[in-house]
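What follows is each chain in one-letter form.
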Amino acid sequence: MPLYDTQTIKIYNSLSGEKEVFKSINEGYVGMYVCGPTVYSNVHLGNVRTFMSFDVIFRYLKHLGYKIRYVRNITDAGHLENDADEGEDRIAKKARLEAIEPMEVVQRYTVDFHNILNKFNFLPPSIEPTATGHIIEQIELIKTIIDNGMAYVVNGSVYFDVHKYNETKPYGILSKRKLEDLIHNTRALDGQSDKKNPQDFALWKKAEPQHIMRWPSPWSDGFPGWHLECTAMSTKYLGEQFDIHGGGMDLKFPHHECEIAQAEACNDHSPVNYWMHANMLIMNGKKMAKSTGNFILPNEIFSGDNPHITKAYAPSVARFFMLQAHYRSILDFTNNGLLASEKGFYRLMDAINLIEDLKTSESSSFNVSEWKQKCYDAMNDDFNTPILIATLFDAAKFINQVKDGSATITKEDLGVLKETLENFTFDILGLVNVSKESTGSDKLSGAVEILINLRKEARQNKDFALSDKIRDELAEVGIQLNDSREGTTFTTN
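In this text, all values refer to a predicted model and were calculated from it rather than measured experimentally. (Residues numbered from 1 in each chain as written. Predicted model: local features only at pLDDT ≥ 70, side-chain atom pairs only at ≥ 80, totals over all residues. Heavy atoms only, no water.)

Considering the pairing of strand E3 (residues 29-34)
Both faces of the sheet carry side chains from a regular strand, because those side chains alternate between them. The buried count for E3 comes to 5 of 6 residues, which makes it a mostly enclosed element. Two strands pair when backbone bridges link them, and E3 and strand E4 (residues 67-72) are joined in this way by 6 bridges, in the parallel orientation. Opposite Val30, over in E4, you have Ile68 as the bridge partner. Examined bridge by bridge, E3 and strand E9 (residues 242-248) share 3 bridges and lie parallel to one another. Note on E9: the bridge partner recorded for Met32 is Ile244. (Buried < 20%, exposed > 50% of the residue type's maximum accessible area, 1.4 Å probe, protein only. Helix = DSSP H or I, 4+ residues; strand = E, 2+ residues; numbered from the N terminus. Pairing = 2+ DSSP bridges.)

Some details on the nonpolar core
Val48 and Phe333 are the most contacted members of the largest nonpolar core, which has 99 residues in total. For this core, the leading source of residues is helix H1 (residues 45-63), giving 10 residues. Ignoring any residue separated from it by four or fewer positions in sequence, one finds Val48 in contact with Val43, Ile116, Leu117, Phe120, Phe122, Pro298 and Met322. Counting 37 residues, the second-largest nonpolar core is a separate cluster that includes Leu203, Trp204, Cys230 and Met233. (Core = buried A, V, L, I, M, F, W, Y, C linked by side-chain atoms within 4.5 Å. Contact = heavy atoms within 4.5 Å.)

Points about the environment of Ile57
On the secondary structure map, Ile57 appears in helix H1. Ile57 gets classed as buried once you look at its relative accessible area, which sits at 0%. Expressed as a C-alpha distance, the spacing of Ile57 and Ile428, which sit 371 residues apart in the sequence, is 8.1 Å.

Some points on the pairing of strand E7 (residues 201-206)
For E7, the buried fraction is high: 5 of the 6 residues fall into the buried class. Two strands pair when backbone bridges link them, and strand E6 (residues 157-160) and E7 are joined in this way by 3 bridges, in the antiparallel orientation. Following the sheet pairing, Phe160 is matched in E7 by Phe201. One ladder, built from 3 bridges, connects E7 with strand E8 (residues 222-224); its direction is antiparallel. Residue Lys205 lies in a different strand from E8, and its bridge partner there is Phe223.

A word on the pattern of salt bridges
All told, the structure shown has 19 salt bridges when counted by the stated rule. Put simply, Lys196 and Asp161 hold a salt bridge, and the shortest N to O gap is 3.7 Å. Residue Lys196 is located in the loop between helix H6 (179-184) and E7, and its partner Asp161 is located in the loop between E6 and helix H5 (162-166); the two are separated by 35 residues in the primary sequence. Asp161 gets classed as buried once you look at its relative accessible area, which sits at 9%. Here Asp382 makes a salt bridge to Arg328, at a shortest N to O gap of 2.8 Å. One end of the pair, Asp382, is in the loop between helix H12 (368-380) and helix H13 (385-404); the other, Arg328, is in the loop between helix H10 (315-323) and strand E13 (331-333), with 54 residues separating them in the sequence. What you see here is one network of salt bridges that share partners, running through Asp55, Arg59 and Arg319. (Salt bridge = Lys/Arg side-chain N within 4 Å of Asp/Glu carboxyl O.)

Some words on the packing of aromatic side chains
One pass over the full model with this rule turns up 19 aromatic pairs. Their ring planes at 55° and their centres at 6.2 Å tell us that Trp204 and Trp219 sit as a pair that is tilted. Of this pair, Trp204 sits in strand E7 while Trp219 sits in the loop between E7 and E8, and the two are 15 residues apart along the sequence. For the pair Trp204 and Trp219, one class covers both residues: buried. When the centroid spacing of 6.3 Å and the interplanar angle of 75° are considered together, the rings of Phe320 and Phe393 count as edge-to-face. Of the two residues, Phe320 is situated in helix H10 and Phe393 in helix H13; the sequence distance between them amounts to 73 residues. Connected via pairs of aromatic rings, a cluster forms that spans Tyr4, Phe22, Tyr66 and Tyr274. Residue placement shows Arg72 over the ring face of Phe51; its charged tip is 5.7 Å from the ring centre. (Phe/Tyr/Trp six-rings, centres within 6.5 Å; stacked < 30°, edge-to-face > 60°. Lys NZ or Arg CZ within 6 Å of the ring centre and 35° of its normal.)

This is the structure:
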């Protein structure tokens, strides 16, 4: 019997606003789609937190024995500034500012995205499709929506007719908004727009002469609207109706609302059974923003090179910190919070490392089977990682008591305890068993960064002899400096 037959998962469904018992469309199989990044800059820590939540969900469903197809897209075209229908493509703007090809921007930041997620020990999704790789599918969807009377063509652009759709289907069903309220709170069109109504959204935009990223279509040379790609890719890989759609809370409206409308207009039924949304990440009690300096990049957590933290932290410590908050709650990123999580993380690892040396007895003073089910109960309750972590610490306390001789455990229970701890700590939470000593690599990084900065100063002062000496002597001990337009990085041999 598969594990999923013995465990009942409840998921908070944003569509109903309630926790619902999870039942997959096809027994033993799960289809999950998560909106991925727009790759025009380094991945934001808030995005990492969202993707981490769904990484844990992916891991848990796999652990329960489901065959799961997890699709997470890459947006590499069509996402205009301010999530609007007018303005410049985010990727094209970055390319223009740096005088490079848009696909160079896409490549650079897709690589950065994967590197960061690898450091946090993410499992890769089953499929990672791109918007530009599915232009044909998006054009075909638009044709269907037009044929079904839910879109109109104006001057080479195509718009979804929200008012027409709302006559038979409720637009705003996910975000609990009513079209009448949206109309009341929206400014009237200024005469420059091709839209019939301000609430309508673009399915296809005719490209202006200066717009680099463009494709031929029956309506114009142009590009797809941002909302369309997810409908096209989720339908292609998961079908017209699938189990779970996830993303950040900020995507609920308008992005996910528009996805529902597009799918309903094509197929006349709801595309998704369970909508899940991860909450935002703030920093020091305020919104994270580059403009105010209240900001940190993931790599800066690992190097300690940011004024908001006092030291470098191992990736698993940062992951542990984020998972100590439930995915639907706001997470406040602070140095004090990281310091506390670091202590807790190593306390848990130390306990796990003691298991092999524990002496067994004829009886157990701790109900291991009951504790094991509590671990499942935590994850079954809308993937409640903070409750799971608290339950893991109950086991850590017991392990230390057995070591001190104040508690006992049988050989059989010890085996169950070890297997369960490893399953939930490493396979499901995705933590890596690192010791305090292994963070010496962070100290090495810090020392090399000091030398890189000294070398940079030497070059600015035209002291090339000292600059070359630093580079050559680091090379002799197996540290290779790599100079590029973005700065100097290093690799170890």
